[in-house]
Amino acid sequence: MKKILFFTCAILLSIAGKAQTTVSHPSDDVKPRAISLACANVVFSQPGIRFMHKIRATNPDAAIAVEGLPRGLSWNQQRSLVEGIVEQEGEYHYTVKLTLDGETTLETITLTVSSTLQQPLPFMGWLSWNVVEGDISEQVVKTVADAMVSSGLAAAGYNYLCIDDLWHAAEREAGTNKPLFDTKKFPNGMNAVSDYVHSKGLKFGIYSDGGTHTCAGCFGSYGYEEIDARQYAEWGVDLLKYDYCNAPTDLQTCRKRYKAMGDALKNSGRNILFYMCEWGVREPWKWGAETGATCWRCTYDARDGWKGKNGGVGILQSIEGMKDLWPYSGVNRFNDADMLCIGIHGTGKSSSDLVEGSPGMTQTEYRTQFSLWCMWSSPLSLSFDLRKPISADDLAMMTNREMIALDQDPMGQQAEFIGETDGIQIYAKDLENGDVAIAVLNLNDAERVVKVDFSDIPALDATTTYHLRDLWAGESVGRHTGSYTVSVASHETKVYRFSKCW
Ligand code: GLA
């Protein structure tokens, strides 16, 4: 019998918001304010669907008050959040008052309530980069589209098929400057490809870059935003991943360049979802929404390993990059943790670089990746080789309905990072129906027994009895009041859905 190391972790948790570090707000002009918001100030909601906006300040000692809320919303002082349901579409504004040492700062929040938001839920799909790179072609797209449907991935929600870098011809069209594709890779043209993707009930994504060249050296879109956006629209593109290689590094230029493409996409005549990829270098969660983007990468490329080396991003570095960004995520504005490596098993291309040990992870570690991405409401982009058969275990993992339902929860909340003690991390995600998802992650090299104390988690009530469902086991683990004790294997993440017992 497996030896279990019994170890009870007293999880000493900071109260909500205390874990936030002090950051300056990039929309502040010259003189930085003494105190400002450390959460989203441009937020979105759908009519009739519960909305939540967690308000945090750069200094956790600030007193926070909210005024001028639209009908249907109320201020929850205890949890420092705005919540409720707005029925009427429209643009609303409310004011957050931050007071510290007798000085008050007013911040305006813009809330758009609309039934036609571009990305009410984080997109799900497949991106070509990790295993295909320059081998992308019409044939690959068709094979992958077929596999997405026949495997059941499309039915599970993975409905964007996205071509990444290296689809390009050597140069733009002479005279018109229109972007050209490589005719060897796409002999029947891009419309034949997008028509095929659409005929399968899928959406079609493409890739470009706000610099002179893409990361792999093809022509970029800088200076050609309008031409490119129009061409993508003509090609039937539904999503643009927009990278930022070969471009000036300063924040101002970067914002301008993303805004230029965001505006061009709006003028293109087609609804094209705008996915920013400047790797979190200039904190796009603070300003990305102003460019028209609805999700943004928050780290460098996620690699197929638990721990990255020499700047590589393994699971541990993804956690570092993502865990404190929860006040900036919400409906139509998602923090992206990059492509999932589930199913790659060390057989990818650049995804195999910069990892400690050999590339690839255990199934437990891949499940942890999936758990975190779902808890964070990150877009779910698969990137394994769909030209080959998928193992039953991999397929079950990536199509776990109850996990996907967390990622796709209509309230779009990224799980709050509650804290870490002795290598145990806890996350809590508010869900639209009032349930709460709790994840317990064990970063240690040995199994741990963890006591989760409900009073440490702001979304839970210590005196309420909850029904707990283990989402990976797919079974109920009974009713619990006050605490729940669980054994978590090394590198495992246990995920529970808590529902109040009435
Ligand atoms: C960057 C991006 C990757 C991929 C490559 C393509 O590195 O972060 O996701 O798109 O460029 O060259």
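Residues numbered from 1 in each chain as written. Predicted model: local features only at pLDDT ≥ 70, side-chain atom pairs only at ≥ 80, totals over all residues. Heavy atoms only, no water.

Draft legend 1. Looking closely at the nonpolar core. Of all hydrophobic cores here, the largest spans 96 residues; its most connected members are Tyr158, Trp167, Met190 and Phe370. Per-domain counts for this core show at least three residues from each of domain 1 (9-24 + 117-407) and domain 3 (416-500). Setting aside anything within four residues of it in sequence, one finds Tyr158 in contact with Met124, Gly125, Met148, Leu153, Leu202, Phe370, Leu380, Leu382, Met398 and Ile404. (Core = buried A, V, L, I, M, F, W, Y, C linked by side-chain atoms within 4.5 Å. Buried < 20%, exposed > 50% of the residue type's maximum accessible area, 1.4 Å probe, protein only. Domains from an automatic or database assignment. Contact = heavy atoms within 4.5 Å.)

Draft legend 2. Representation of the site of the ligand within the structure. Of all residues adjacent to the ligand, which total 13 residues, the nearest are Asp164, Asp165, Lys241, Asp243 and Asp301. A distance of 2.7 Å is found between an oxygen atom of the ligand and a side-chain nitrogen or oxygen belonging to Asp165. Contact with the protein chains removes 91% of the 300 Å² of surface that the ligand exposes when unbound. In terms of residue class, the shell around the ligand is built from 7 nonpolar, no polar and 6 charged. (Near = heavy atom within 4 Å. Polar contact = N/O pair within 3.5 Å; in protein donor to acceptor, adjacent residues only side chain to side chain. Areas by Shrake-Rupley, 256 points an atom, 1.4 Å probe, with all protein chains shown as cover. Nonpolar A, V, L, I, M, F, W, Y, C, P; charged D, E, K, R; others polar.)

Draft legend 3. Molecular detail of the state of the cysteines. Counting across every chain of the model gives 1 disulfide. Put simply, Cys215 and Cys245 are joined by a disulfide, and their sulfur atoms are 2.1 Å apart. Here the S-S torsion is close to 95°, and the disulfide linking Cys215 with Cys245 is therefore right-handed. In this pair, Cys215 sits in the loop between strand 11 (203-209) and helix 4 (225-234) while Cys245 sits in the loop between strand 12 (239-243) and helix 5 (251-266), placing the two residues 30 residues apart along the sequence. Given a relative accessible area of 39%, Cys215 falls into the partly exposed group. According to the relative accessible area criterion, Cys245 is buried, its value standing at 18%. Of the cysteine sulfurs around Cys162, a residue in no disulfide, the closest is that of Cys295, at 9.7 Å. (Disulfide = S-S within 2.5 Å. Helix = DSSP H or I, 4+ residues; strand = E, 2+ residues; numbered from the N terminus.)

Draft legend 4. Representation of the domain arrangement of the protein in the model. The domain boundaries assigned to the protein delineate domain 1 (9-24 + 117-407), domain 2 (47-113) and domain 3 (416-500). Taking the mean C-alpha position of each, domain 1 and domain 2 sit 31 Å from one another.

Draft legend 5. Seen up close, the packing of aromatic side chains. Summed over the entire model, instances satisfying the criterion amount to 21 aromatic pairs. Between Tyr242 and Tyr258 the ring centres are 5.5 Å apart and the planes differ by 90°, which places this aromatic pair in the edge-to-face class. Here Tyr242, found in strand 12, pairs with Tyr258, found in helix 5; they are 16 residues apart in sequence, far enough to count as distant. Each of the two residues, Tyr242 as well as Tyr258, counts as buried. The rings of Trp167, Phe181, Phe186, Phe219, Tyr232 and Trp235 are connected pair by pair, giving a single aromatic cluster. (Phe/Tyr/Trp six-rings, centres within 6.5 Å; stacked < 30°, edge-to-face > 60°.)

Draft legend 6. Summary view of the sheet that holds strand 7 (residues 90-100). The 4 strands are arranged 2-8-7-4 in an open sheet whose pairing can be described as mixed. At either end of the open sheet lies a strand with only one pairing partner, and these are strand 2 (42-45) and strand 4 (63-67). Taken pair by pair, the neighbouring strands of this sheet meet at an average axis angle of 30°, ignoring direction. Bridge analysis of strand 7 against strand 8 (residues 103-113) gives 11 bridges, and the strand direction is antiparallel. The partner of Leu100 across the bridge, within strand 8, is Glu103. (Pairing = 2+ DSSP bridges. Axes fitted to C-alpha atoms, helices over the stretch in contact; angles between N-to-C directions.)

Draft legend 7. View of the packing of helix 6 (residues 315-322) against helix 7 (residues 363-375). Running from N to C, helix 6 and helix 7 cross one another at 10°; their axes reach a closest spacing of 11 Å. By the criterion of interaxial angle, the relationship of helix 6 to helix 7 is roughly parallel. At the point where helix 6 passes helix 7, the crossing takes the left-handed sense. Residues Ile315, Ser318 and Ile319 of helix 6 lie in contact with helix 7, whose contacting residues are Thr368, Gln369, Leu372 and Trp373. Its residues assigned to classes, the contact of helix 6 with helix 7 shows 4 nonpolar, 3 polar and no charged. (Parallel < 35°, antiparallel > 145°, perpendicular 65-115°, else oblique. Left-handed = near helix turned anticlockwise from the far one by under 90°.)

Draft legend 8. Geometry of unusual backbone geometry. The phi dihedral of Glu283 falls on the positive side, at around 50°, and the residue is not glycine. When you line up the elements, Glu283 lands in the loop between strand 13 (273-277) and strand 14 (295-297). The backbone of Ser377 shows a phi angle near 50°, a positive value even though the residue is not glycine. If you trace the backbone, Ser377 turns up in the loop between helix 7 and strand 16 (380-382). When its relative accessible area of 0% is taken as the criterion, Ser377 is described as buried.

Draft legend 9. Region of the structure containing the pattern of salt bridges. Overall, the coordinates contain 26 salt bridges when judged by the stated rule. Taking the shortest distance from any N to any O, the salt bridge between Arg297 and Asp338 comes out at 3.1 Å. In this pair, Arg297 sits in strand 14 while Asp338 sits in the loop between strand 15 (334-336) and helix 7, placing the two residues 41 residues apart along the sequence. Judged by relative accessible area, Asp338 falls into the buried class, the value being 1%. Of the charged contacts, one joins Glu356 and Lys307 as a salt bridge, the two residues approaching to 3.9 Å between their closest N and O atoms. Highlighted residues: Glu356 in the loop between strand 15 and helix 7 and Lys307 in the loop between strand 14 and helix 6, separated in sequence by 49 residues. Exposure remark for Glu356: the relative accessible area of 45% places this residue in the partly exposed category. Linked by salt bridges that have partners in common, Lys54, Arg79, Glu416 and Asp430 make up one network. (Salt bridge = Lys/Arg side-chain N within 4 Å of Asp/Glu carboxyl O.)

Draft legend 10. Examining helix 2 (residues 138-150) more closely. Between its terminal C-alpha atoms helix 2 stretches 18 Å, which fits the 18 Å expected from 13 residues at 1.5 Å a residue. Phi turns positive one or two residues past the end of helix 2, at Gly152, with a value near 95°. (Expected span 1.5 Å × (residues − 1).)

Draft legend 11. Structural detail: the pairing of strand 6 (residues 81-84). A two-sided burial pattern is seen for strand 6, the buried positions comprising Leu81 and Glu83 on one face and Val82 and Gly84 on the other. With 4 bridges joining them, strand 3 (residues 51-54) and strand 6 adopt antiparallel strand pairing. From the neighbouring strand, Phe51 faces strand 6, where its bridge partner is Gly84. Sheet topology note: the strand 5 (residues 73-76)/strand 6 ladder contains 4 bridges and is antiparallel. Among the inter-strand pairings, Leu73 is bridged to a residue of strand 6, identified as Gly84. Connecting strand 5 to the next strand, strand 6, in antiparallel fashion are 4 residues, including Ser80 with a positive phi near 55°.

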